[in-house]
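Geometric and topological summary
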Amino acid sequence: VGTTTTNPVLGGQTLYTIEQTDSGQRNFTIDRRDPETLEPVAGPLVGARSVMVDIADDGASDVIVTYHLLGDIILWDRESGRQIGRTIKTIGEGMMQRSVDGSVFTYVSRSHASVWNLDTSTWANVACDFAGRNMTEEEWAEFGPQTIEYRATCPDYPVDT
């Protein structure tokens, strides 16, 4: 095919690779390719800081999870290829695992276990349940979307709390 790839990892029905630049250096951009033809099947995953060494991709859910040499775990939106949230830092060498329906992700090391809800459609409700209130106007000004006027984000709670 004429493409040099490194660190190939098969996830679901996709081959994930890191292409070398013209100078031969790795840029950590993760390409998504057909494993038989090596043709791109979707846009790249851009933003990793080190080599990807493992992937949790069931091929069906909206979220792809990658684990990197520096211990970073990154959640990616399948359609756009954009990172979801912040990079997750891990403690010690461990193992990634996904639930059968793809909605729960776990990372287990010798001393720690972490569990993440990957169903992004539930995140707003989880945040409201955890906070038990709406954002204040001051919080909205600092953390909320700057293109939308202040409003209730948690319908079960009054705006003035």
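Our subject in this report is the structure included herewith. (Residues numbered from 1 in each chain as written. Predicted model: local features only at pLDDT ≥ 70, side-chain atom pairs only at ≥ 80, totals over all residues. Heavy atoms only, no water.)

1. Quick word on the environment of Glu36
- If you trace the backbone, Glu36 turns up in the loop between strand E3 (26-33) and strand E4 (40-45).
- C-alpha of Glu36 to C-alpha of Trp140: the two residues are 104 residues apart in sequence and 48 Å apart in space. (Helix = DSSP H or I, 4+ residues; strand = E, 2+ residues; numbered from the N terminus.)

2. Points about the pairing of strand E11 (residues 113-117)
- Two elements, strand E10 (residues 104-109) and E11, share 5 bridges in a ladder whose sense is antiparallel. Bridge pairing in E11 places Val108 opposite Ala113.
- Two successive antiparallel strands, E10 and E11, enclose a turn made up of 3 residues. (Pairing = 2+ DSSP bridges.)

3. Focus: the sheet that holds E10
- The strand order E9-E10-E11 describes an open sheet built from 3 strands, whose pairing is antiparallel. Every interior strand has two partners, whereas the edge strands, strand E9 (94-98) and E11, have only one. Averaged over all adjacent pairs, the angle separating strand axes in this sheet is 15°, with direction ignored.
- Taken together, the 5 bridges between E9 and E10 define a ladder with antiparallel strand orientation. Residue pairing for E10: Gly94 is matched across the bridge by Ser109. (Axes fitted to C-alpha atoms, helices over the stretch in contact; angles between N-to-C directions.)

4. Some remarks on the side chain of Ser50
- Take Ser50: it is sitting in the loop between E4 and strand E5 (52-56).
- Within the structure, the side chain of Ser50 is placed 3.4 Å from the backbone nitrogen of Leu69, a separation counted as a polar contact.
- Apart from the residues within four sequence positions on either side, Ser50 is in contact with Phe28, His68, Leu69 and Leu70. (Polar contact = N/O pair within 3.5 Å; in protein donor to acceptor, adjacent residues only side chain to side chain. Contact = heavy atoms within 4.5 Å.)

5. Let's talk about unusual backbone geometry
- Of note, Leu38 is a non-glycine position whose phi angle comes to about 65°, a positive value.
- Along the chain, Leu38 falls in the loop between E3 and E4.

6. Some details on the state of the cysteines
- Inspection of the entire model under this criterion finds 1 disulfide.
- With its sulfur 1.9 Å from that of its partner, Cys128 forms a disulfide with Cys154. Around the S-S axis, the bridge from Cys128 to Cys154 shows a dihedral of about -90° and counts as left-handed. Taken together, the residues Cys128 in helix H1 (residues 123-131) and Cys154 in the segment after helix H2 (137-143) connect sequence positions 26 residues apart. By the burial criterion, Cys128 is buried, and Cys154 matches it. (Disulfide = S-S within 2.5 Å. Buried < 20%, exposed > 50% of the residue type's maximum accessible area, 1.4 Å probe, protein only.)

7. Section: the packing of aromatic side chains
- Inspection of the entire model under this criterion finds 3 aromatic pairs.
- Between Tyr67 and Tyr107, the ring centres sit 5.6 Å apart and the planes meet at 25°, which makes this aromatic pair stacked. Taken together, the residues span a long stretch of sequence, with Tyr67 in strand E6 (residues 63-68) and Tyr107 in strand E10 at a distance of 40 residues. Take Tyr67 and Tyr107: they sit in the same class, and that class is buried.
- Where Trp140 meets Tyr150, the ring centres are 5.7 Å apart and the plane angle is 90°; that geometry is what we call edge-to-face. (Phe/Tyr/Trp six-rings, centres within 6.5 Å; stacked < 30°, edge-to-face > 60°.)

8. Points about the pairing of E6
- Counted residue by residue, E6 has 6 buried out of 6 residues, so it is predominantly covered.
- A two-sided burial pattern is seen for E6, the buried positions comprising Val63, Val65 and Tyr67 on one face and Ile64, Thr66 and His68 on the other.
- Strand direction decides the pairing type here: E5 and E6, joined by 4 bridges, are antiparallel. Bridged to Met52 within E6 is His68.
- Connecting E5 to the next strand, E6, in antiparallel fashion are 6 residues, including Gly59 with a positive phi near 80°.
- As judged from the 5 bridges shared by E6 and strand E7 (residues 72-77), these two strands associate in the antiparallel manner. When the bridges of E7 are listed, Tyr67 appears paired with Ile73.
- Counting the residues that bridge the hairpin from E6 to E7 gives 3 residues, and of these Gly71 lies at a positive phi of roughly 90°.

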